[in-house]
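The lines below spell out each chain.
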Amino acid sequence: MNSSLARLTEIRRALPLAAAALLVGALLVPVWQITLTAPQYPGQELLIELYAYPRLGGDFAEVQGLNKYAGFYYPDPVFIDPNYPVNEAAIDVPEWLLGPVVFVGLALTGAFVALAPTVRKLKAGLTAQLVGTITVFVGMFAFIQYRLYQAGHSLDPDAPLRGIESFTPPLLGSYEVANISGFAWFGPGGYMTVLAVLLLATAYLARDIEATVSDLPALAVALPGAIRERVTGDESADRERDRDDAESTRETDRDRDVGGGDHVG
């Protein structure tokens, strides 16, 4: 029992568990947020907070009051009633319900990998989990961006303001619609998710060593030197290889000079 608990202090096992805790915790806070400024609210920024499931926080009611003039509406999760009113012209985003499934599923995978019974299975699990997690989140990122494109290109033609061109709000970055400026970025849950992926990447890099979490500070201090030694070693090997090639060429030339002249029989 003690040996099993001791194994969980290894970097390659402990960090997936920490990543799992972060992914579960990310469900409790907003993963994404948008800050807006508009002439109707001079000297004030409006904040929308979005969770990994159909829920909004912050000043979403005030922002919807601005959005309706342009015919831009919050998405409809279809199968449940969110904490905001849904307009009939809103785009359908039923997959928003799957956010908790994805986060919890990845967290359970991390726990499963950390408890792998053999080192071989642990290494295979770390590789699969890192690749799978990155693939899942890149796919989510791309799909959410597509939904934003849909929303910005499905403006209500009966909206009070006419002549507003279709647009694509970025998932991360700034944008402008009419006289409204917005900036989208990670919320607390988004930062927790990024940190979880970094922990999984660190665990993958440490898959061949039995170092424990207590060794992390020493490894972090030694890392720059190891990288420098690796780079210097590679450069030295290249120089040595060049010298060997040059010496081999000179010897070949000498052999040719000695034995390659014309002979009269």
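Scope of this entry: the structure provided in the associated data block. None of these values were measured; they are calculated from a predicted model. (Residues numbered from 1 in each chain as written. Predicted model: local features only at pLDDT ≥ 70, side-chain atom pairs only at ≥ 80, totals over all residues. Heavy atoms only, no water.)

**What to know about the layout of surface pockets**
One number sums up the size of the largest pocket: a volume of about 1200 Å³. Along its surface, the largest pocket is lined by 50 residues, and Val31, Trp32, Met140, Ile144 and Leu171 are the ones closest to its centre. For the lining of the largest pocket, the secondary structure elements donating two or more residues are strand 1 (32-37), strand 2 (46-50), helix 3 (60-70), helix 4 (99-114), helix 5 (119-152), strand 4 (173-177), strand 5 (180-186) and helix 6 (188-205). Per element, the largest residue contribution to the lining of the largest pocket is ten residues, and it comes from helix 5. Partitioned by chemical class, the residues of the lining of the largest pocket number 44 nonpolar, four polar and two charged. (1 Å grid on protein atoms, 1.4 Å probe; cavity = no way out; pocket = protein on both sides within 12 Å on 5 of 7 lines; lining within 4 Å. Points joined across faces, edges and corners; volume = space filled by probe spheres on them. Helix = DSSP H or I, 4+ residues; strand = E, 2+ residues; numbered from the N terminus. Nonpolar A, V, L, I, M, F, W, Y, C, P; charged D, E, K, R; others polar.)

**Considering the pattern of salt bridges**
Applying the stated rule across the entire model yields four salt bridges. In this structure, the salt-bridge partner of Arg12 is Glu10, at a minimum N-O distance of 2.9 Å. The same class applies to Arg12 and to Glu10, which are both buried. Where Arg147 meets Glu95, a salt bridge forms, and the shortest distance between an N and an O atom there is 2.7 Å. Within this pair, whereas Arg147 is found in helix 5, its partner Glu95 is found in the loop between helix 3 and helix 4, the two being separated by 52 residues in sequence. Among the charged side chains, a network of salt bridges with common partners joins Glu10, Arg12 and Arg13. (Salt bridge = Lys/Arg side-chain N within 4 Å of Asp/Glu carboxyl O. Buried < 20%, exposed > 50% of the residue type's maximum accessible area, 1.4 Å probe, protein only.)

**Considering the pairing of strand 5**
For strand 1 and strand 5, the ladder comprises six bridges, and the chain directions are antiparallel. Note that in strand 5 the partner of Leu36 across the bridge is Gly182. Connecting strand 4 to the antiparallel partner strand 5 that follows it, the hairpin turn spans two residues, and Ala178 within it adopts a positive phi of roughly 55 degrees. (Pairing = 2+ DSSP bridges.)

Shape descriptors only; they carry no functional weight alone.
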